[in-house]
Each structure stands twice: as C-alpha cells, then as structure tokens.
2 protein chains.
Amino acid sequence: MEEGMEPGTVRPGGRTARVRAAVLQAAGDALAEHGFDGLDLADVARRAEVGKTTVYRRWATTTGLVADLLDDMAEQSSPRTDTGSLDGDLLANARLVVKTLTDPRQGALFKAVIAAATCDPRAARALHRFYATRIEEWAPCVTQAAERGEVPPGTDAAEVIRAVSAPLYYRFLVSGDGLDEGAADRAAGAAGAAARAGAYGS
Amino acid sequence: MEEGMEPGTVRPGGRTARVRAAVLQAAGDALAEHGFDGLDLADVARRAEVGKTTVYRRWATTTGLVADLLDDMAEQSSPRTDTGSLDGDLLANARLVVKTLTDPRQGALFKAVIAAATCDPRAARALHRFYATRIEEWAPCVTQAAERGEVPPGTDAAEVIRAVSAPLYYRFLVSGDGLDEGAADRAAGAAGAAARAGAYGS
C-alpha cells in the first residue's frame with residue numbers, strides 16, 4: 001500500500017512473514033488515521049490480531065515500526081513504467097505520484113511518515129532509504145533517454161527523477177496548491193524540458 | 001526570523017506589539033528546540049517573560065500560536081531581490097531558501113511548522129498563506145522577465161517561483177539529499193531553463 005504498490009499483493013513466506021505483513025498493514029492504517037503521534041504498539045497489535053508481546057519484542061518502539069514499514073514499502077514497490085520515450089516515462093512517474101498522494105489512505109500515510117521524519121532521525125533515515133529506492137528504480141528512464149539522444153550525455157538521472165516529484169511534494173506538504181493531473185503533466189513537462197536544455201548536466 | 005527576514009529587525013508599536021513580538025520569538029525558539037509536539041503555552045509565556053493568562057487569552061491553543069507566528073513571518077518577510085535578469089533573480093531566491101533551511105534555528109522551525117500543518121488544518125491554512133505571500137512577493141521576477149522577452153508571454157509566474165523552491169524543499173523534507181549552494185544553483189537553473197522552453201505557459 002504505497003507509491004507504486006498493487007493493493008492485495010500476495011506475499012510469500014511463513015508465519016513470521018504473515019505476522020509482519022499484518023502488523024505493517026495495521027501500522028499503516030493507524031498512521032493514516034491518527035498520524036505518528038497517535039501511533040501506539042498495543043493498538044497496532046489489536047488491529048493486526050497479533051500478541052502485544054510479539055509486537056513489542058520485534059519492533060520495540062513506534063519509530064522502529066515506522067522504519068520497518070518504510071523498508072517494506074520500498075521492498076514491495078512496483079517496477080517503473082517504460083513507455084519508450086522520456087516524456088512518456090516522466091509523465092507516468094508524475095501521475096503515479098499524484099495518484100499516491102491524493103489517495104486518502106496513502107496520502108495520510110505519507111504525511112504521517114514525513115512528519116515523523118522531521119523529528120526522528122531513525123524515521124528520517126528510513127524515509128530517505130525509501131525515496132533512494134524509488135529514485136533508483138526510475139533513473140533508467142533518463143539514462144536510456146540519454147542513450148537515445150533525447151537528453152545530453154551525462155545528464156544526472158537521479159536529479160531528473162527528483163525534479164518530477166519535487167513540485168508535487170511541494171504542493172502536498174508546503175504550499176497547499178492543488179494536486180491534480182494538470183500539476184502532474186506540468187511537473188513532468190518541466191523536468192523533461194530542463195533536462196533537454198542541459199540543466200541537469202553533471 | 002524566517003525566510004527573508006533580517007535578524008534584529010525593530011518593530012513598531014506599543015506594549016501589545018511588544019508582547020506579541022516577545023511571545024512569537026519565544027514560540028519560534030520553542031518550536032525549533034522541541035517541535036510542535038513539545039510546544040506548550042505556559043513554557044512560551046515563561047520564555048517570553050509574559051503572563052501566562054495573557055498568552056492563554058490571546059492565543060488560546062498551540063495551533064493558534066503557530067498560525068499567528070506564520071502570519072507574522074509573512075508580514076515581516078523581506079522584499080525580493082531584483083538583479084535585472086531572470087537567472088540572477090531565481091538564483092537569489094534559491095540561495096535565500098537554502099540559507100533559510102540550512103540555518104539551524106530556522107531549519108528546525110520550518111520542519112516544526114510543516115509537520116504541524118500535516119496534522120492540523122488551521123496550521124496548514126496559515127502555512128499556505130505564508131507561502132502564498134512569499135510566492136506573490138517573488139512572482140514579479142518572472143512577469144518582468146516576460147516583459148523583457150526572456151520567457152514566453154503568459155508564463156505562469158507563480159509556478160516558476162514554486163519550481164525554484166520545490167527541489168530544495170523535496171531534499172529538505174523528503175529525500176534527505178544534500179542542501180548546498182550547488183543544489184540552489186541547479187534548482188534556479190532548471191526552473192529558468194524550463195520557463196524559457198515554455199513549460200510554464202498558462
């Protein structure tokens with residue numbers, strides 16, 4: 001249940017994996033409903049129908065639980081779209097970000113983990129790992145575009161991918177301006193235009 | 001003490017204005033030290049050397065205090081830089097944003113108010129008003145650049161200003177990538193290149 005994850009994905013693994021999946025699902029629900037401040041391990045155990053001792057032993061703190069949730073979100077996230085053109089790929093990325101952030105549960109969940117990261121270094125490190133994974137997943141769009149001659153050789157691929165997300169997260173977290181398909185199209189279009197102009201040359 | 005404000009600015013006004021200035025300064029200090037969750041009206045009154053009753057009567061809640069702090073930050077913020085060229089103006093803006101977000105007190109204060117906005121609608125509205133004010137202050141850089149023929153007529157000025165800040169806030173709040181002069185230069189350069197290419201045409 002995160003940026004790029006299919007709902008209802010079946011996970012492999014035995015009882016330990018099933019317990020983890022149930023607890024992380026419950027943690028995500030609780031975060032989306034009450035934010036990081038309202039997160040409580042006993043409440044998560046109840047929601048997941050898992051023994052409280054198991055949750056305390058395995059995750060110990062709410063920060064530990066958020067960090068594991070973010071690592072799981074990174075592991076479970078889906079592969080990038082490959083449309084064959086840079087503009088198409090960046091647009092697919094931008095629309096996925098808007099879809100994720102405007103989904104009521106996922107939007108609330110992302111706000112909760114980003115807020116947690118502002119005041120907790122361990123949550124911050126897990127958040128940064130999550131985004132590093134997503135950026136790495138999408139960066140080949142740009143390196144392949146450079147091979148096709150769509151952008152200058154040496155274009156910083158990670159920076160172009162960040163540039164697609166940045167205006168969308170800025171609206172989401174900071175300015176409060178609308179987050180719709182138009183915003184996605186403009187974010188992708190601007191990142192592509194700046195990349196073609198050589199603004200992300202390394 | 002915020003994006004674009006000179007430290008030590010002398011404010012006009014009588015006792016009421018002095019009390020407000022002392023309380024908002026103390027609120028900013030407390031937010032920078034302990035975040036929104038640690039904000040406490042009695043502690044702010046003590047720091048400001050103002051009667052607790054005065055603070056409770058005038059601001060009532062921590063959210064009310066944060067909203068007033070943000071409105072004051074918007075009122076006190078300094079005018080934009082006018083270098084005579086779009087690239088120069090956007091670069092000045094980007095460097096100001098980086099300077100603000102990397103300043104220990106101001107960076108912590110911005111993280112605290114942005115985190116508050118993720119879980120409190122009143123704080124969110126005040127945050128959005130603050131950024132609307134800053135965007136409005138800097139937008140003439142772009143309209144004047146359009147008049148000089150540097151960008152296509154009809155370029156969405158507010159969107160270009162948002163595009164300068166967005167990658168810097170994305171690093172600050174989301175991805176954790178470095179926030180230095182190089183990031184500022186690249187943010188300004190990419191926004192200018194995309195604007196010249198017509199990516200912000202309205």
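The rules behind these values
The residue numbers shown here count from 1 along each chain, following its written sequence. For this description, chains carry letters from A and ligands carry numbers from 1, given in the order in which they are written. Totals for whole chains, interfaces and linings use all residues, but because this is a predicted model, local features are given only for residues with pLDDT of at least 70 and pairs of side-chain atoms are given and counted only at 80 or more. As a convention, hydrogens and water are excluded, and side-chain values are obtained from all of the structure's heavy atoms. A run of H or I in DSSP counts as a helix once it spans at least four residues, and a run of E counts as a strand once it spans at least two, with each numbered from the N terminus. Atoms considered for the radius of gyration are the C-alpha atoms alone. The globule rule reads 2.2 Å times the number of residues to the power 0.38. For the exposure calls, accessible area comes from a 1.4 Å probe over protein chains only, and a residue counts as buried if that area is under 20% of its type's maximum, exposed if over 50%, partly exposed in between. Residue contacts are defined here by distance: any two heavy atoms, one from each residue, within 4.5 Å place the two residues in contact. We get accessible surface area from the Shrake-Rupley algorithm with a probe of 1.4 Å; when it comes to residues, only the shown protein chains can shield them. For the charge count, each Lys or Arg is scored as positive and each Asp or Glu as negative, with His and the chain ends excluded. All charge positions are set by atom: Lys at NZ, Arg at CZ, Asp at CG, Glu at CD. Once two parts are put together, the accessible area they lose, assessed with a 1.4 Å probe and summed over both, is termed the buried area. Here, a salt bridge means any side-chain nitrogen of Lys or Arg that lies within 4 Å of a carboxyl oxygen of Asp or Glu. Polar contact criterion, stated in full: a pair of N or O atoms within 3.5 Å, where within protein one must be able to donate a hydrogen and the other to accept it, and residues adjacent in sequence count only if both atoms are side-chain atoms. Least-squares superposition of the copies uses the C-alpha atoms of those residues scoring a pLDDT of at least 70 in each of them. Here a cavity means grid points, on a 1 Å grid over the protein atoms only, where a 1.4 Å probe fits yet cannot get out; a pocket means an open set of points with protein on both sides within 12 Å along at least five of seven lines; lining residues are those with an atom within 4 Å of a point. Grid points are joined across faces, edges and corners, and a volume is the space filled by probe spheres set on the points. Residues were grouped as follows: Ala, Val, Leu, Ile, Met, Phe, Trp, Tyr, Cys and Pro as nonpolar; Asp, Glu, Lys and Arg as charged; and all remaining residues, including Gly, as polar. Domain delimitation follows an automatic or database domain assignment.

A. Quick peek at the overall build of chain A. A tally of helices and strands in chain A yields 10 helices and zero strands. The secondary structure elements of chain A, listed N-terminal to C-terminal, are α-α-α-α-α-α-α-α-α-α. Computed over C-alpha atoms, the radius of gyration of chain A comes to 18 Å, within 12% of the 17 Å expected from 2.2 N^0.38 for 202 residues, which places it in the range of a compact globule. Here chain A, with 202 residues, has 54% of them falling under the buried criterion. Considering only residue pairs separated by 6 or more positions, chain A has 70% of its internal contacts joining residues 24 or more positions apart. Accessible surface for chain A amounts to roughly 8,400 Å². Of this, 50% is attributable to carbon and sulfur atoms. The positive charge centre, built from 23 side chains, and the negative charge centre, built from 28, are 6 Å apart in chain A.

B. The interface of chain A and chain B, seen in detail. Chain A puts 33 residues into the contact, and the matching count from chain B is 33 residues. When the two sides are added together, the surface that chain A and chain B hide from each other amounts to roughly 2,900 Å², 62% of it contributed by carbon and sulfur. Interface area lost by chain A to chain B is led by Tyr 170, Val 174 and Arg 186 of chain A, which between them contribute 24%. Across the contact surface, chain A and chain B share six salt bridges. Scanning the region where chain A abuts chain B turns up eight residue pairs in polar contact (both at pLDDT 80 or more). Contributing elements (two or more residues each) for the side of chain A that touches chain B: helix H6 (104–119), helix H7 (121–138), helix H9 (157–175) and helix H10 (181–196) of chain A. Ranked by residue count, the leading element in the side of chain A that touches chain B is H9 of chain A, at 11 residues.

C. Highlighting the relation of the copies chain A and chain B. Its rotation angle being 180 degrees, the transformation that places chain A on chain B also includes 0.0 Å of axial translation and leaves an RMSD of 0.0 Å. What the rotation and shift describe, once combined, is the action of a two-fold rotation axis. When you check the interface residues of chain A against chain B, 100% turn up at the interface there too, and the contact is symmetric in its surfaces.

D. Just empty space enclosed by the protein, in detail. Enumeration over the complete set of coordinates arrives at six cavities of 30 Å³ or more. Looking at the largest cavity, its volume works out to about 120 Å³. Elements with a minimum of two residues in the lining of the largest cavity: H9 and H10 of chain A together with helix H9 (157–175) and helix H10 (181–196) of chain B. Classifying every residue of the lining of the largest cavity gives 16 nonpolar, no polar and no charged.

E. Structural view of the pattern of salt bridges. Evaluated as defined, the whole model comprises 36 salt bridges over all chains. In this structure, the salt-bridge partner of Asp 68 of chain A is Arg 20 of chain A, at a minimum N-O distance of 2.9 Å. Of this pair, Asp 68 of chain A sits in helix H4 (residues 62–76) while Arg 20 of chain A sits in helix H1 (residues 15–34), placing them 48 residues apart in sequence. By relative accessible area, Arg 20 of chain A is classed as buried at 16%. Among the ionic pairs, Asp 177 of chain A bridges to Arg 162 of chain B, the shortest N-O distance being 2.8 Å. Taken together, the residues Asp 177 of chain A in the loop between H9 and H10 and Arg 162 of chain B in helix H9 connect one chain to another. Salt bridges linked by common partners bring Arg 20, Asp 68, Asp 72 and Glu 75 of chain A together as one network.

F. Representation of the domain arrangement of chain A. Residue and element names in this part refer to chain A. Here chain A is partitioned into domain 1 (14–74) and domain 2 (81–196). Taken together, the contact pairs 17 residues of domain 1 with 15 residues of domain 2. The contact between domain 1 and domain 2 buries some 1,400 Å² in all, and 72% of this surface belongs to carbon and sulfur atoms. Our count for the domain 1 to domain 2 interface comes out at two salt bridges. Where the side of domain 1 that touches domain 2 is concerned, the elements lending two or more residues are H1 and H4. It is H4 that provides the largest number of residues to the side of domain 1 that touches domain 2, a total of nine residues. Among the residues forming the side of domain 1 that touches domain 2, the class breakdown is nine nonpolar, six polar and two charged.

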